[in-house]
Amino acid sequence: DTGVSQNPRHKITKRGQNVTFRCDPISEHNRLYWYRQTLGQGPEFLTYFQNEAQLEKSRLLSDRFSAERPKGSFSTLEIQRTEQGDSAMYLCASSLTGAVTGELFFGEGSRLTVL
Amino acid sequence: GEDVEQSLFLSVREGDSSVINCTYTDSSSTYLYWYKQEPGAGLQLLTYIFSNMDMKQDQRLTVLLNKKDKHLSLRIADTQTGDSAIYFCAESYNQGGKLIFGQGTELSVKP
C-alpha cells in the first residue's frame, strides 16, 4: 500500500467554476477526513466519514462544498461556484477505528488556486 | 471550545536542543500529537502522548504534558538541519477521531 493518494495535486480554476478532488485512503482504513490548510495556518477540519456515513461537518463547510464516500472507499470533495477565498491546500487523511494511537495518515494534498 | 495555540517561529543552531510549545483547551482530549510537515510533503506523525502520561521519550524526542496548565512541549535533542520543518501540535477531540491542529511552529536550524 502506497498510503493516502490525492488527485489532482494542483488545480487552477476561474472563479465560479466547479472543482472536484478525489482521495483514495489506505485500503483497510474505515475513517476518512478532509481538512483545508491555508498559508501559515494549521489544517482546519472540514468533515469526516466512517465507512459511507458522513459523521461530522464543520461550520467551515458551506453549502457550496459537498463530500461523498459512496462505497466506503475513495471520497470526493466538490466545490461549486468557486471563490478566491477557496484557494487553499485540501488535505485528505485516513485512519482505522480502534487503532491504539488514533493516528491520522495524511496525503500530500490537492492545491486549489482560484483566479 | 476547540483551540490549540503555538508560537510561530523558532530558530536554533545545529546541535542545540529545540523546544516547541503548545497550549490546548479541551481537557477531555485523550491523545495529543506532534506532526511534522516538510515543504511539498504531507503531514507525518512524529510522536503522541496519552492524556494520562506526563512524559514520553522517543530517541531524540521528548514530549512533556502538563495537564493542569493544558501545556504540551516537544523537545528535540541535538537538532539537525534535517529537522527544519513546520511542527504542528494536535489534540483529539470528543473521541470522534478528528484532530484539532495548532497553527504550526516553523523550526529553522542554522548550521
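Provided above is the structure to which this section pertains.
Keep in mind that what you see is a predicted model, and the values were worked out from it rather than measured. (Residues numbered from 1 in each chain as written. Chains lettered and ligands numbered in written order. Predicted model: local features only at pLDDT ≥ 70, side-chain atom pairs only at ≥ 80, totals over all residues. Heavy atoms only, no water.)

Side note on the overall build of chain A
- Assigned secondary structure in chain A consists of 0 helices and 11 strands.
- Ordered by position from N to C terminus, the α and β elements of chain A give β-β-β-β-β-β-β-β-β-β-β.
- Compactness check: chain A gives a C-alpha radius of gyration of 13 Å against a globular reference of 13 Å for 115 residues, within 12% of the reference.
- Reported as C-alpha extents along the three principal axes, the dimensions of chain A are approximately 40 × 25 × 25 Å.
- Every one of the 115 residues in chain A was classed for burial, and the buried ones make up 47%.
- Expressed as a percentage of contacts within chain A between residues at least 6 apart in sequence, the contacts between residues at least 24 apart total 53%.
- Carbon together with sulfur atoms contributes 45% to the accessible area of chain A, which is approximately 5900 Å² in total.
- Computing the positive centroid from 14 side-chain charges and the negative centroid from 13, chain A places the two 7 Å apart. (Helix = DSSP H or I, 4+ residues; strand = E, 2+ residues; numbered from the N terminus. Rg over C-alpha atoms; globule rule 2.2 N^0.38 Å. Buried < 20%, exposed > 50% of the residue type's maximum accessible area, 1.4 Å probe, protein only. Contact = heavy atoms within 4.5 Å. Areas by Shrake-Rupley, 256 points an atom, 1.4 Å probe, with all protein chains shown as cover. Lys, Arg positive; Asp, Glu negative; His and termini not counted. Charge placed at Lys NZ, Arg CZ, Asp CG, Glu CD.)

A closer look at the state of the cysteines
- Counted under the stated rule, the structure contains 2 disulfides over all chains.
- Covalent S-S linkage joins C23 of chain A and C92 of chain A, the inter-sulfur distance amounting to 1.8 Å. As the torsion about the S-S bond is roughly -70°, the C23 of chain A-C92 of chain A disulfide counts as left-handed. Note that C23 of chain A is positioned in strand β3 (residues 19-24) and C92 of chain A in strand β9 (residues 88-95), a separation of 69 residues in sequence. Taken as a pair, C23 of chain A and C92 of chain A share a single burial class, namely buried.
- Through a disulfide, C22 of chain B is tied to C89 of chain B; the S-S separation comes to 2.0 Å. Its S-S torsion of approximately -60° makes the covalent link between C22 of chain B and C89 of chain B left-handed. With C22 of chain B in strand β3 (residues 18-24) and C89 of chain B in strand β9 (residues 85-92), this residue pair connects regions lying 67 residues apart in the sequence. The burial state of C22 of chain B is the same as that of C89 of chain B; both residues are buried. (Disulfide = S-S within 2.5 Å.)

Some words on the interface of chain B and chain A
- The interface is formed by 17 residues belonging to chain B together with 21 residues belonging to chain A.
- At the junction of chain B with chain A, the criterion picks out 1 salt bridge.
- One salt bridge in this structure joins K98 of chain B and E56 of chain A, with 2.7 Å as the shortest N-O distance.
- Across the contact surface, chain B and chain A share 4 residue pairs in polar contact (both at pLDDT 80 or more).
- Where the side of chain B that touches chain A is concerned, the elements lending two or more residues are β4 (31-37), β5 (43-50) and β10 (99-101) of chain B.
- Counting residues per element, the side of chain B that touches chain A draws most heavily on β4 of chain B, which supplies 4 residues. (Salt bridge = Lys/Arg side-chain N within 4 Å of Asp/Glu carboxyl O. Polar contact = N/O pair within 3.5 Å; in protein donor to acceptor, adjacent residues only side chain to side chain.)

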